[in-house]
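# Understanding the architecture of this molecule
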Amino acid sequence: MLDIFNAFDVSASGMYAERIRMNTIASNLANYESYKNDGTPYQKLEPVFQAVYDNNLLSDGLVPVNVSEIRQSNGFKLIYDPSNPHANAQGYVREPNINVTTEMVDMITATQSYQANLSAFNMTKNIAQFTINSWT
Amino acid sequence: MGLFKGVDEVVPYLDYTWLKHKIILSNLANADTPHYKELNVRFVPFEKELALKITNPKKQIQPVQTGPHFDILEKESGLVGNDRNNVSIEKQMAEANANYIAYETYMKMVTDNINELNTAIKGQ
């Protein structure tokens, strides 16, 4: 039962990853109309999740998750608005490529995944507690 | 003496439920990881296998009896989304609850067995 701490770590890695995802969603929503200092539009942030297959941990059934990078997605929305100060010679304005609806849906998914990991964490705690209480 | 025979029979099932719990934790942690495939564990209760290759038919080779063991498998089927991940959070939560009850039952069987032995030893 010594590997119970590794079990906690796996749930914690899942919660950490989902929290990072929530942070990026919050940044994306806050900046969905923002421009950088150099005048280019804000680029959507996306966390990249990666499963960590370590042979020692895998033999115990443990596969934690890692946020390998937070990348900026390419591409902008082009809107025709000649009166905008950011408009180019043809009258088009580049805007951040953020879809608010997509972000909201991602936020719900991230919340549910976080809650699932938290429930599993509590279940592990209950198992440990039950095992200890059985022998006292 | 076989004093702990009752306990020994339950322990593999206890190990199995604990391993399954850890696998469910991994599946939930990776529910949003692209290309991750759901892991599952298979309980192989008991099997007889030949440990050596038969080279001389005159030689009698007794089958080697191996104890219960577990296989960790990757599930290829299931609903796969755009990220090629086939983990269902709802299914995992249902399995986690069922597995938790199973763990408690097996643990209760072990402790009851030990308590019975205690009663027999003390003669009370």
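Residues numbered from 1 in each chain as written. Chains lettered and ligands numbered in written order. Predicted model: local features only at pLDDT ≥ 70, side-chain atom pairs only at ≥ 80, totals over all residues. Heavy atoms only, no water.

### A closer look at the interface of chain B and chain A
So the rule is basically this: For this analysis, residues touch if any pair of their heavy atoms sits within 4.5 Å. Buried surface area refers to the total accessible area, computed with a probe of radius 1.4 Å, that the two partners give up upon joining, counted for both partners together. Definition used for salt bridges: Asp or Glu carboxyl oxygen within 4 Å of a side-chain nitrogen of Lys or Arg. By the criterion applied in these results, polar contacts are pairs of N or O atoms within 3.5 Å in which, for protein atoms, one can donate a hydrogen and the other can accept it, and in which residues neighboring in sequence qualify only through two side-chain atoms. Runs of E in the DSSP output that reach at least two residues are strands. Runs of H or I that reach at least four are helices, and both are numbered from the N terminus. Nonpolar residues are Ala, Val, Leu, Ile, Met, Phe, Trp, Tyr, Cys and Pro. Charged residues are Asp, Glu, Lys and Arg, and all others, Gly as well, are polar.
Listed as interface residues are 28 residues of chain B and, on the opposing side, 36 residues of chain A. Between chain B and chain A the total buried area reaches about 2,700 Å² when both faces are included, carbon and sulfur atoms providing 68% of it. Linking chain B with chain A are 1 salt bridge, by the criterion used here. A salt bridge links Arg21(A) to Asp32(B); the shortest N-O distance between them is 3.0 Å. For the pair chain B and chain A, the number of links is 9 residue pairs in polar contact (both at pLDDT 80 or more). For the side of chain B that touches chain A, the elements supplying multiple residues, two or more each, are helix H1 (5-29), strand E4 (69-74) and helix H2 (89-122) of chain B. The element contributing the most residues to the side of chain B that touches chain A is H2(B), with 11 residues. Of the residues contributing to the side of chain B that touches chain A, the split by class is 18 nonpolar, 6 polar and 4 charged.

### Things to note about the side chain of Lys20(B)
As a reminder of what qualifies: Whether a residue is buried, partly exposed or exposed follows from its accessible area with a 1.4 Å probe, protein chains only, as a fraction of its type maximum: under 20%, in between, or over 50%, in that order.
Structurally, the position occupied by Lys20(B) is in helix H1. Classification of Lys20(B) as buried rests on a relative accessible area of 16%.

### Overview of a nonpolar patch on the surface
Residues and elements named next belong to chain A. Selection criterion: For patch detection, residues must exceed 30% relative accessible area and be free of salt bridges, and they are connected within 9 Å for like charges or within 5 Å for nonpolar side chains (Val, Leu, Ile, Met, Phe, Trp, Tyr). Per-residue accessibility takes into account occlusion by the displayed protein chains alone, with areas from the Shrake-Rupley method and a 1.4 Å probe.
The grouping of Tyr-32, Val-100 and Met-104 at the surface amounts to a nonpolar patch, some 230 Å² of accessible area in total. Along the chain, the position of Met-104 falls in helix H3 (residues 100-134). According to the relative accessible area criterion, Met-104 is partly exposed, its value standing at 36%.

### Overview of the nonpolar core
What counts here: We call a set of buried residues a nonpolar core when its members are Ala, Val, Leu, Ile, Met, Phe, Trp, Tyr or Cys and they connect through side-chain atoms within 4.5 Å of each other.
Counting 29 residues, the largest nonpolar core has Trp18(B), Leu28(B) and Tyr103(B) as its most contacted members. Of all the elements in the fold, those that place two or more residues in this core are helix H1 (4-30), strand E2 (65-72) and H3 of chain A together with H1 and H2 of chain B. It is H1(B) that provides the largest number of residues to this core, a total of 8 residues. Residues Ala51(A), Val63(A), Ala31(B) and Tyr36(B) belong to the second largest nonpolar core, which totals 11 residues.

### Details of the pattern of salt bridges
All names here are of chain B. Following the criterion strictly, the structure yields 12 salt bridges over all chains and no others. Across the salt bridge formed by Lys-20 and Glu-95, the nearest N and O atoms sit 3.9 Å from each other. Of this pair, Lys-20 sits in helix H1 while Glu-95 sits in helix H2, and the two are 75 residues apart along the sequence. Close ionic contact of Asp-112 with Lys-108 constitutes a salt bridge, the shortest N to O distance being 3.4 Å. Residue Asp-112 and its partner Lys-108 are both found in helix H2; the two are separated by 4 residues, about one turn of the helix. The class for Asp-112 is partly exposed, based on a relative accessible area of 33%. Accessibility expressed as a relative area gives 46% for Lys-108, which makes it partly exposed. Here the salt bridges share partners, and the residues they tie into one network are Lys-20, Glu-38, Lys-75, Lys-91 and Glu-95.

### Quick notes on the environment of His35(B)
Residue and element names in this part refer to chain B. In this structure, His-35 sits in the loop between H1 and strand E1 (39-44). Judged by relative accessible area, His-35 falls into the exposed class, the value being 59%. Along the backbone, His-35 and Asn-82 are 47 residues apart, and their C-alpha atoms lie at a distance of 9.3 Å. Ignoring anything within four residues of it in the chain, the contact list for His-35 reads Asp-83, Arg-84 and Asn-85.

### Remarks on the packing of aromatic side chains
Residue and element names in this part refer to chain B. Threshold: Any pair of Phe, Tyr and Trp rings, taking the six-membered ring for Trp, is counted once the centres come within 6.5 Å. Such a pair is stacked with planes under 30 degrees apart, edge-to-face with planes over 60 apart, and tilted for the rest.
Applying the stated criterion across every chain, the model contains 8 aromatic pairs over all chains. With 6.0 Å between their ring centres and 35° between their planes, Tyr-16 and Phe-70 make a pair best called tilted. Linking Tyr-16 in helix H1 with Phe-70 in strand E4, this pair joins segments that are 54 residues apart in sequence. In this structure Phe-70 comes out as partly exposed when scored by relative accessible area, which is 27%.

### Considering the side chain of Thr33(B)
Mapped onto the elements of the fold, Thr33(B) is located in the loop between H1 and E1. Ignoring any residue separated from it by four or fewer positions in sequence, one finds Thr33(B) in contact with Phe49(A), Gln50(A), Ala51(A), Val65(A) and Asn85(B).

### Considering the environment of Leu25(B)
Relative to the helices and strands, Leu25(B) is located in helix H1. Separated by 73 residues in sequence, Leu25(B) and Ala98(B) place their C-alpha atoms 14 Å apart. If sequence neighbours within four positions are ignored, Leu25(B) has contacts with Ala7(A), Val10(A), Ser11(A), Asn117(A), Ala120(A) and Thr124(A).

### Quick look at the environment of Val110(B)
Structurally, Val110(B) can be placed in helix H2. According to the relative accessible area criterion, Val110(B) is buried, its value standing at 5%. C-alpha of Val110(B) to C-alpha of Leu14(B): the two residues are 96 residues apart in sequence and 9.1 Å apart in space. Those residues in contact with Val110(B) that lie beyond four places of it in its chain are Trp135(A), Val7(B), Val10(B) and Leu14(B).

So, to be careful, I would describe these as geometric facts and stop short of saying anything about function.
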